[in-house]
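One letter stands for each residue in the lines below.
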Amino acid sequence: MGGYVNQDGGGWTELRVHGVSGTPPERMLAHPHAVRVAGDAEAGFHRRQWEAKQTSTDTGDERVEAYSWGALTAGSGQRALWLLLTPFLLVNVAFFALPYAGVDDGRKLSRRTAEAVQRLFALSITLTLVLSVVLVSMDFFGWQCVRQSRDCTDRVSWLGFLSWSWLGLPGRRIAVTAALPLAVVGLLWWLANKTWQQLEATTVPPAGAEEQDRTPLEDRRMWNGASQVRRLRAAHVAAGFALVGVLLLAPFVGHGHVLRAVQPGPAVDSIWSEAAMVLFGLALCLLGLTVVLVCLPNDRPTPGDDGEHRRGRDLYTLLPWLALVVSVLGAVVAWQPHVNAAVPVSGAARSQLPWLVGTVQVLAAVQVVLLLIMLILLLVHRVQTWRARPAADQSPAWFGLAAPVLMMAAVALAGAFAAGLALTVAHVLGKPAPTDRSPDTFVVPLVFFWGAALAVPVAATALLLAGVGLWLVRRNTKKMLRDEVARAYPAVEIKKALDAPDLPEHAETLRRARNIAAAWSRATVSDVGGRITGAFAVLLAALTAAGVVGYLVDRSWVYAHARWAVNIGDLIVGGFAAGLLYVGRQAYRNPGFRRTVGVLWDLGTFWPRATHPLAPPCYAERAVPDLIKRINYLGCTRGGRVLLSCHSQGTVIGAAVVMQLTYTESSRVALLTYGSPLRRLYARFFPAYFGPLALRRAGAFLLGKPLDITDGARPRWPWRNLYRPSDPIGGWILRDFDAVEISTDEWTADGRIGDNQDIDRRMIDPMFARMAGDGSYPATRGHSGYADEPAYRASVEILRELRVPPGPRG
């Protein structure tokens, strides 16, 4: 389709950045035709296409442009695989919830320790996933399935190949089934490397130090993570391959250098025996080396440093290949008849793969210890900083313990997936049990039965707290009606109607007011949800602690005395695993559903992969450099000015961009945010990055040197933030203001009515009365439709006036 697209860069460019779920460029631009003028299909800049220049409202003085980044999180069907990586995502996000992350605040040792603990914890989550696949593939299929007179392939036809004559030796079955966990680790390696090349390897523009960094987001190293992610990826992948190699070779390092659980047979050839021992030792050494590697400091380099995007010159990049070679050679050793006894199995009894149960127990113990260390570090930090910080900084989410809560959620999800997968597969093959009890029994580690039993009180607690949350939201309606709605609509005299509710003339007013109060009360769901989630985290921690104590006291108690809980929990974790797979399947096949699931990634993958390199990739490592370069081009190269107009999650990107700009670049930028979760979500959960100090500095950057973050300077900051009481996500940033409904006539008389001469502005939604000629009341807009409000256009005009002309700055 031919047409006219404005290509000017001078004057004002209103650059719109969307929020979650990937708003199409056409909707952002309120125009049926949009053309990409920069970027690519996954993240690009679009302008409106007109029939001719004469009909265009985009001119040399002003134009509208949209930055669409939604395909970075909800593009191809491969994103469906990210559902399985949710534990990786949570443990990565936990890193940025640390209250002292990224800055030297005098507690460098504590910060370094906390970061090392989190990187080690992230590695344990990777190994948990690998162990769950090893349990199903190598243990159930390769080790337990084929036994004398108890061959599970009789019931499960798709495992019939395990009965083939050339797989008659246990070592060969283990070697063949080891291909599955090796393939899973290889798939994660490939996905991580592919997304790394697309996102982390994006070049970040270098910038000189104009101001000492006071918050992490002011440092451009934050989005310069190519080398850091490459190193962590090598360690995690190598650890996964090495763990498979250890469990593959463990049966060959038993007593007398013969296969455990196997009847005595011919003497083992000394060469293959020694090879097994050497490879086993190498695999253990590689596993230990990866632990050391992730614990070492791994700061991101400054943009422009030589070698930041080099590939293949670091020795640690060889670790995954070395670990893979060791595992493959281990399979070759296991294949040899010399290391397999003549009689494959001692009787028909089933047992677990050697070292598997011990590995599961050690890994769980390490995770508990790391969680306790993190909790102690943050409690000490909380005590040390309580008196030193102003009151505005003392309201982080969950008392500043968001990091261990997210870590606990990550390990709970990983454990639930592992238990669900193990118990479900065991049911398909036969019956799960802690010991060999019947011909169709498959031995499952006792820790999974404890996990299944704990799923019952956890699920009950979740349902109970969800009900409490719903009750709290509904209970708030009456208070909202009298305290908020009545004050927001003074012309309607709602308080008068409340004082005499039985009068017929007040019935319609009260009905309308109650509907608005209900909508405003529902908008508090995010605030209530935060408190409910915190309570759930406390109860989850208590239940987990009780389970750990019970397991240590009597491991078999839950299976012997609480079988009912195990059976119900078995259904719960099995349903969880099946539901996760169903959601993944739907996300792969249905682009619309994939965009819905992508909302989770929009919120979680804003953060770079700092601790877990196999987590879903960070879109901000592409979006932030893109916007910095575009602002530099439009503002500095073309001599124009940019109004950065951001909605919802886009406001988080916009704030991060502003904190990354140089003074030359920021002198040409004004910021308009609406529906912003900056204060409501990010400032509370990530105070080191979006706390009050960081947000004040972001506003001061727009004004230039010397930075003035006082309240008196805010009227001069070229930043406006619009929010509604009906918005469940957005809210005020620095100060909550009262507001009243503004009629159409009042807007006509004064287009700037309601402006507070501050960055925050509350807008009353919806209009109370029906529009002339309309029998229906105006709908509540909530989180959408900000650009259609009169206050939006008024804020644009105010920001243009506040944005001082480029020139010498004080």
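Heads up: the structure comes first, above all this text.
Here is what the cut-offs are and how they apply
- Residues numbered from 1 in each chain as written.
- Predicted model: local features only at pLDDT ≥ 70, side-chain atom pairs only at ≥ 80, totals over all residues.
- Heavy atoms only, no water.
- Disulfide = S-S within 2.5 Å.
- Buried < 20%, exposed > 50% of the residue type's maximum accessible area, 1.4 Å probe, protein only.
- Helix = DSSP H or I, 4+ residues; strand = E, 2+ residues; numbered from the N terminus.
- Pairing = 2+ DSSP bridges.
- Contact = heavy atoms within 4.5 Å.
- Core = buried A, V, L, I, M, F, W, Y, C linked by side-chain atoms within 4.5 Å.
- Polar contact = N/O pair within 3.5 Å; in protein donor to acceptor, adjacent residues only side chain to side chain.

### Remarks on the state of the cysteines
- Under the criterion given, the structure shown has 1 disulfide.
- Each disulfide pairs two cysteine sulfurs, and for Cys-145 the partner residue is Cys-152, the sulfurs being separated by 1.7 Å. Classification of the bridge connecting Cys-145 and Cys-152 rests on its S-S torsion, roughly -90 degrees, and on that basis the disulfide is left-handed. A single burial state applies to Cys-145 and to Cys-152, both of which are buried.

### Regarding the pairing of strand E5 (residues 62-68)
- Taken across its 7 residues, E5 has 6 buried, putting it largely inside the fold.
- In the sheet, strand E2 (residues 12-17) pairs with E5 via 6 bridges, with the strands oriented parallel. Of the residues in E5, the one forming a bridge with Arg-16 is Ala-66.

### Some details on the environment of Ala-769
- Residue placement: Ala-769 occurs in the loop between strand E11 (760-762) and helix H26 (790-802).
- With residues up to four places along the chain from it excluded, the contact list for Ala-769 reads Tyr-777 and Pro-778.

### Observations regarding unusual backbone geometry
- Here the residue pair Lys-705 and Pro-706 is connected by a cis peptide bond, since its omega of -15 degrees sits within 30 degrees of zero.
- In the segment running from Asp-765 into Pro-766, the intervening peptide bond is cis, with an omega of 0 degrees.
- Relative to the assigned elements, Pro-766 resides in the loop between E11 and H26.
- A positive phi angle is found at Trp-355, which is not glycine, with a value near 75 degrees.
- Structurally, Trp-355 can be placed in the loop between helix H9 (319-335) and helix H10 (356-386).
- At Glu-493, a residue that is not glycine, the phi angle is positive and equals roughly 60 degrees.
- Counting through the fold element by element, Glu-493 comes out in the loop between helix H12 (446-488) and helix H13 (494-499).
- By relative accessible area, Glu-493 is classed as partly exposed at 46%.

### Looking at the nonpolar core
- Counting 189 residues, the largest nonpolar core has Phe-140, Trp-223, Phe-606, Trp-607 and Phe-690 as the members making the most contacts within it.
- The residues touching Trp-223, leaving out its near neighbours within four places in the chain, are Val-204, Leu-217, Arg-300, Phe-606, Pro-608, Cys-618, Ala-620, Glu-621, Val-624, Ala-656 and Gln-660.
- Counting 17 residues, the second-largest nonpolar core is a separate cluster that includes Ala-488, Ile-494, Ala-497 and Phe-768.

### Concerning the side chain of Arg-16
- Examined against the element boundaries, Arg-16 turns out to sit in strand E2.
- Side chain to side chain, Arg-16 and Glu-14 meet in a polar contact 2.8 Å long.
- In this structure Arg-16 touches Met-28, Leu-29, Val-64, Glu-65, Ala-66, Tyr-67, Ser-645, Tyr-792 and Arg-793, once residues within four positions along its chain are discounted.

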